[in-house]
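# Reading the structure
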Amino acid sequence: MDKKMVKSMMVLITFTVFLVLFVIKFDQVVHLVMQLLDLLQPMIIGFAIAFVLNRPCNFFYRHYRRLAGNTKLARLARPMAVATSYLALILILTGIISLIVPQVAHSIETLINNMNGYLRNLQGLYNDLMSRLDLTVLEGLDFTDLNETLKGMLNNALTTLTSAVPQVLEVTGSLISAVITFVMSVVFSVYMLAGGRQLTSQCRRLVQAYLPEKVSSTLISVTRLTAETFTNFVTGQLVEACIIGTLCFIGMLLLGFNYPDLISVIIGVSALLPIVGAYLGAILSAILLIIVDPMEAVWFLIFLVILQQFEGNVIYPRVAGSIIGLPGLWVLAAITVGGGLFDLVGMLVGVPVAAVLYTLLRQDLLRREGKLAPESGKSARRSRPKPKADDQPPTA
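Everything in this summary refers to the structure shown in the same document. Just so it is clear, the model here is predicted, and its values are computed rather than measured.

So, about the environment of Leu 67. Among the secondary structure elements, Leu 67 is positioned in helix α3 (residues 41-68). Assessed through its relative accessible area of 70%, Leu 67 is described here as exposed. Once the C-alpha coordinates of Leu 67 and Ala 77 are considered, the two residues, 10 residues apart in sequence, prove to be 9.1 Å apart.

Have a look at this one:
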């Protein structure tokens, strides 16, 4: 029997055995994977932090390297870039917490204090609407009964918001574990940022040394595509959240809407979720404004639709460009499947994962149809004949 055939059969048998064991011991495998992920949690969080700070770090590194020139200070460009990236992150988070959190807390407190008047107005509007429509069956609904429930929910949110720092400072076992995990994650992220190029080069050398050339080239290409897709997605969503939140706040101030701080934060945070976030933020904001004034909620929704169209079609394409190139239908499917499997994390990660799979499937389809060159990844032109040897330019 041919050695190649024997090798293929051995690989097939081994794969079959592992597949059967995986199906039989599925629960144990899942438990083992969860334990492994728990052990690797600091490294995973550190990788996520380094991934987010990679572009700012490279930006600072290029500027420090150019300023240092060929002097001995050039060796300090990378450490200084890492330190500057973390300093910028700390300053941004501190600014957000010091500026936004007190305003949001004040908005919630004002909403709680005015809740009785808002609900009375809403009850009067509802009774008037029922009498005009002659719907006597529904007139028994009393909105004032919701006062205690809504005030309790808002009081709990306000208490959590204002007492978050004292609760974090309580010395407990879980807090100590969280602090250790956070410190280890920061250490891992610093090492990844400082030695990112060396680590990437080492991984590439290992892949090329121990895997066949075709497999290694495919793996490196897929890894590069994945990194680029995730980077563009994270950058694009953060830019969009900042733009839409800021424009919403400015517009609400100019138009005189209530609670611009709280609603702008809701709109900005919800914008991190593609497609679904726009509807979710609009619904939550409209519910808050309906309690104050139903007509104000209607005008706010009109303003928000105009703002989202302007931001999505005019400003955002110029700032972030084409992010992932995934059709809207597949974005919605990725959010649905990812959210069903891994909740909020799945909704955030599902879109770039689907974009990578979509791009790979599209490239493979074009390659099979002969429209994509195998190595270069560019569209092959069948109509143009290959140049002859005499027509090729001389090479050095």
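Here Thr 84 is to be found in helix α4 (residues 77-113). Other than its neighbours up to four places away in sequence, Thr 84 contacts Phe 60 and Tyr 64.

All right, on to the nonpolar core then. Within the largest apolar cluster, 23 residues are counted, with the highest numbers of intra-cluster contacts made by Cys 248, Met 252, Leu 262, Ile 263, Ile 267, Phe 300 and Phe 303. For this core, the secondary structure elements donating two or more residues are α4, α10 (213-255), α11 (260-270), α12 (276-292) and α13 (294-320). At 5 residues, α13 tops the list of elements feeding residues into this core. Setting aside residues no more than four positions away along its own chain, Phe 300 makes contact with Cys 248, Met 252, Phe 257, Ile 263, Ile 267, Ser 285 and Leu 289. Ranked by size, the runner-up nonpolar core spans 11 residues in total, among them Ile 49, Leu 53, Cys 57 and Ala 81.

The next subject is unusual backbone geometry. Unusually for a residue other than glycine, Tyr 259 sits at a positive phi of about 55 degrees. Mapped onto the elements, Tyr 259 comes out in the loop between α10 and α11. The class of Tyr 259 is buried, set by a relative accessible area of 8%.

Let us look at the packing of helix α9 (residues 196-210) against α10. Contact geometry of α9 with α10 gives a least axis separation of 7 Å together with a crossing angle of 150 degrees. Taken as axis vectors, α9 and α10 run roughly antiparallel relative to one another. Of the two elements, α9 crosses α10, and the hand of that crossing is right-handed. Mapping the contact onto sequence places Arg 204, Val 207 and Gln 208 in α9 and Ser 216, Leu 219 and Ile 220 in α10. In terms of residue class, the contact of α9 with α10 is made up of 3 nonpolar, 2 polar and 1 charged.

In this section: the side chain of Glu 296. Among the structural elements, Glu 296 can be located in helix α13. The class of Glu 296 is buried, set by a relative accessible area of 11%. Engagement of the side chain of Glu 296 in a polar contact is seen with the backbone nitrogen of Asn 258, the distance being 2.7 Å. Here Glu 296 is in contact with Phe 257, Asn 258 and Leu 289, once residues within four sequence places are set aside.

With that settled, consider the packing of α11 against α12. Across the interface, α11 lies against α12 with an axial gap of 8 Å and an inter-helix angle of 165 degrees. By the angle between their axes, α11 is roughly antiparallel relative to α12. For the element pair α11 and α12, the recorded crossing hand is right-handed. Contact with α11, carried on its side by Leu 262, Ile 263, Ile 266, Ile 267 and Ser 270, involves Gly 277, Ala 278, Gly 281, Ala 282, Leu 284, Ser 285, Leu 288 and Leu 289 of α12 and no other residues of that element. Looking at the contact of α11 with α12 residue by residue, the classes come out as 9 nonpolar, 4 polar and no charged.

The subject of this paragraph is the layout of surface pockets. Empty space within the largest pocket amounts to approximately 1400 Å³. The wall of the largest pocket is formed by 33 residues, among which Ile 92, Leu 93, Ile 96, Leu 238 and Cys 242 lie closest to the centre. When residues of the lining of the largest pocket are traced back to their parent elements, those giving at least two are α3, α4, α10 and α11. Per-element tally for the lining of the largest pocket: the top contributor is α10, with 10 residues. Classifying every residue of the lining of the largest pocket gives 23 nonpolar, 8 polar and 2 charged.

Cut-offs used in this document
Residues numbered from 1 in each chain as written. Predicted model: local features only at pLDDT ≥ 70, side-chain atom pairs only at ≥ 80, totals over all residues. Heavy atoms only, no water. Helix = DSSP H or I, 4+ residues; strand = E, 2+ residues; numbered from the N terminus. Buried < 20%, exposed > 50% of the residue type's maximum accessible area, 1.4 Å probe, protein only. Contact = heavy atoms within 4.5 Å. Core = buried A, V, L, I, M, F, W, Y, C linked by side-chain atoms within 4.5 Å. Axes fitted to C-alpha atoms, helices over the stretch in contact; angles between N-to-C directions. Parallel < 35°, antiparallel > 145°, perpendicular 65-115°, else oblique. Left-handed = near helix turned anticlockwise from the far one by under 90°. Nonpolar A, V, L, I, M, F, W, Y, C, P; charged D, E, K, R; others polar. Polar contact = N/O pair within 3.5 Å; in protein donor to acceptor, adjacent residues only side chain to side chain. 1 Å grid on protein atoms, 1.4 Å probe; cavity = no way out; pocket = protein on both sides within 12 Å on 5 of 7 lines; lining within 4 Å. Points joined across faces, edges and corners; volume = space filled by probe spheres on them.

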